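Residues per chain, in single letters:
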Amino acid sequence: KTSTPCASDLPRRQRQRPHRRPHIRSVVSITMARLTLLIACLIAAMATAFVPASTPLTRSAVPASPSELGVNIKVSVGEGEPIESALRRFKREVNKSGHLMDLRHKRYFENSQERKKRKIVQARFRKRMERMQARRMRQQRT
């Protein structure tokens with residue numbers, strides 16, 4: 001007859017521990033690391049975007065590696081123009097191109113049903129904004 005050992009007889013490593021959620025500090029540090037990585041990528045993109053107009057930038061149409069995107073956003077900075085306004089224009093161009101949103105959606109796998117739901121919500125929001133803008137334009141005319 002064999003007896004089963006109780007939890008206190010087992011070595012400390014073999015004892016069952018209840019599953020615990022990760023500590024909030026570790027979650028925050030992971031989020032901060034991701035944010036830092038995103039900022040570093042944006043700074044790297046800005047470094048190549050702010051090139052004087054006299055120096056032509058040549059890029060091949062085919063990305064060099066699978067991870068590289070075919071993003072080609074350029075902002076020409078005028079003489080005496082503050083860098084803040086050029087940076088604001090660059091951010092606007094990046095947002096209009098939709099590359100960051102595409103990357104955000106590709107971060108995790110999204111099946112066709114989830115993609116369809118997301119597209120419906122986006123279309124609803126876009127229509128709502130168009131209606132609001134049309135209403136504002138009508139009010140400005142009167």
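Here the structure is a predicted model, which is why all the values come from computation and not from measurement.

Caption draft 1: Structural view of the overall build of the protein chain. A count of helices and strands for the protein chain gives four helices and zero strands. Its helices and strands taken in sequence order, the protein chain reads α-α-α-α from the N to the C terminus. Expressed as a percentage of contacts within the protein chain between residues at least 6 apart in sequence, the contacts between residues at least 24 apart total 45%. When the accessible surface of the protein chain is totalled, it reaches about 13500 Å², and 57% of it is carbon and sulfur.

Caption draft 2: Here's a closer look at a nonpolar patch on the surface. Taken together, the side chains of Met32, Leu35, Leu38, Ile39, Leu42 and Ile43 define a hydrophobic patch exposed on the protein surface, amounting to about 510 Å² of accessible area. Within the secondary structure, Leu38 is located in helix α1 (residues 24-49). For Leu38, a relative accessible area of 41% puts it in the partly exposed group.

Caption draft 3: Layout of the confidence of the model for the protein chain. When pLDDT is averaged across the protein chain, the result is 77; 64% of the residues are at 70 or more. Mean pLDDT values over the elements of the protein chain span from 72, in α1, up to 95, in helix α4 (residues 112-141). Every residue in residues 56-60 is under pLDDT 50, and counting partners more than four places away or in other chains gives six contacts.

Caption draft 4: Main features of the pattern of salt bridges. Scanning all chains against the criterion turns up four salt bridges. Put simply, Asp102 and Lys106 hold a salt bridge, and the shortest N to O gap is 3.6 Å. Of this pair, Asp102 and Lys106 are both found in helix α3 (residues 99-106), four residues apart, which corresponds to roughly one turn of the helix. In this structure Asp102 comes out as partly exposed when scored by relative accessible area, which is 37%. Here Glu110 and Arg118 are joined by a salt bridge, their closest N and O atoms 2.8 Å apart. Of the two residues, Glu110 and Arg118, neither departs from the other in class, the shared state being buried.

About the cut-offs
- Residues numbered from 1 in each chain as written.
- Predicted model: local features only at pLDDT ≥ 70, side-chain atom pairs only at ≥ 80, totals over all residues.
- Heavy atoms only, no water.
- Helix = DSSP H or I, 4+ residues; strand = E, 2+ residues; numbered from the N terminus.
- Contact = heavy atoms within 4.5 Å.
- Areas by Shrake-Rupley, 256 points an atom, 1.4 Å probe, with all protein chains shown as cover.
- Patch = residues over 30% accessible without salt bridge, like charges linked within 9 Å, V, L, I, M, F, W, Y side chains within 5 Å.
- Salt bridge = Lys/Arg side-chain N within 4 Å of Asp/Glu carboxyl O.
- Buried < 20%, exposed > 50% of the residue type's maximum accessible area, 1.4 Å probe, protein only.
- pLDDT = per-residue confidence, 0-100.

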